[in-house]
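Residue strings, one per chain:
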Amino acid sequence: MTTPDFIRAIRAGAGQQLLLLPGVTAIVFDDRGRVLLGRRSDTGRWCAVGGIAEPGEQPAETAVREVYEETAVHCVPERVVLVQMLAPVTYPNGDVCQFQDITFRCRATGGEARVNDSESLEVGWFEVDALPPLEPFSLDRIRHALLDGPTWFEPVATAGDPPARG
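Criteria and thresholds
- Residues numbered from 1 in each chain as written.
- Predicted model: local features only at pLDDT ≥ 70, side-chain atom pairs only at ≥ 80, totals over all residues.
- Heavy atoms only, no water.
- Helix = DSSP H or I, 4+ residues; strand = E, 2+ residues; numbered from the N terminus.
- Rg over C-alpha atoms; globule rule 2.2 N^0.38 Å.
- Buried < 20%, exposed > 50% of the residue type's maximum accessible area, 1.4 Å probe, protein only.
- Contact = heavy atoms within 4.5 Å.
- Areas by Shrake-Rupley, 256 points an atom, 1.4 Å probe, with all protein chains shown as cover.
- Lys, Arg positive; Asp, Glu negative; His and termini not counted.
- Charge placed at Lys NZ, Arg CZ, Asp CG, Glu CD.
- Phe/Tyr/Trp six-rings, centres within 6.5 Å; stacked < 30°, edge-to-face > 60°.
- Lys NZ or Arg CZ within 6 Å of the ring centre and 35° of its normal.

1. Observations concerning the overall build of the protein chain
Alright, step 1. Along the protein chain, the regular secondary structure elements total three helices and nine strands.
Alright, step 2. Taken from N to C terminus, the helices and strands of the protein chain fall in the order α-β-β-β-β-α-β-β-β-β-α-β.
Alright, step 3. Scaling as 2.2 N^0.38, a compact globule of 166 residues should have a C-alpha radius of gyration of about 15 Å, and the protein chain matches this with 16 Å.
Alright, step 4. Projecting the C-alpha coordinates of the protein chain onto the three principal axes gives extents of approximately 45 × 40 × 30 Å.
Alright, step 5. Sorting the 166 residues of the protein chain into buried and exposed places 37% on the buried side.
Alright, step 6. The contacts in the protein chain between residues at least 6 apart in sequence include a share of 72% that link residues at least 24 apart.
Alright, step 7. For the protein chain, the exposed surface amounts to about 9,400 Å²; the carbon and sulfur share of it is 55%.
Alright, step 8. The average position of the 15 basic charges and that of the 24 acidic charges among the side chains of the protein chain differ by 2 Å.

Written as structure tokens, this is what we have:
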């Protein structure tokens, strides 16, 4: 996964301390109901498409940009299906990040699915009942994108309880 230049600039001053970053995941469906996935070059695992928002970029714009950059597929975000603060991650170089993920259900509008950058080894459309092995992160987001319910978010403490702090 390529580190954006603006993050490199922040890291130059902040060192390896925790950075809170805006992340976006796009669950893209085609007209046949198949979901678009990429096999990451850093882990070799299949996953949903996503990435980090650029400064000043709206989350829906990030979803469209990331999908095109990674897969050459054009899409339109239809709705937010999930908002979640993820657990902090420590990378092999010692950098620590925590992502706030906004997941969009998107509809493919054009392009041919193909590897379009160095972040993916493969890209493909999959029937939802015939997915390759996926981490819970991607499976959960696909499940929420298939539902017609309200946007999912982590429940807050019951009335009278103070908010949980990490």
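The structure having been displayed, the exposition proceeds.
2. Observations regarding the environment of E135
Alright, step 1. Structurally, E135 can be placed in the loop between β8 (120-126) and α3 (136-146).
Alright, step 2. Among the residues examined, E135 registers a relative accessible area of 37% and is labelled partly exposed.
Alright, step 3. For E135 and V123, which are 12 residues apart along the polypeptide, the C-alpha to C-alpha distance reads 16 Å.

3. Side note on the packing of aromatic side chains
Alright, step 1. Applying the stated criterion across every chain, the model contains one aromatic pair.
Alright, step 2. Ring plane angle 75° and centroid distance 5.0 Å describe the contact between W46 and F126, whose orientation is recorded as edge-to-face. Taken together, the residues span a long stretch of sequence, with W46 in strand β3 (residues 46-47) and F126 in strand β8 at a distance of 80 residues. Of the two residues, W46 and F126, both sit in the buried class.
Alright, step 3. Sitting over the ring of F137, R141 keeps its end group 3.7 Å from the ring centre.

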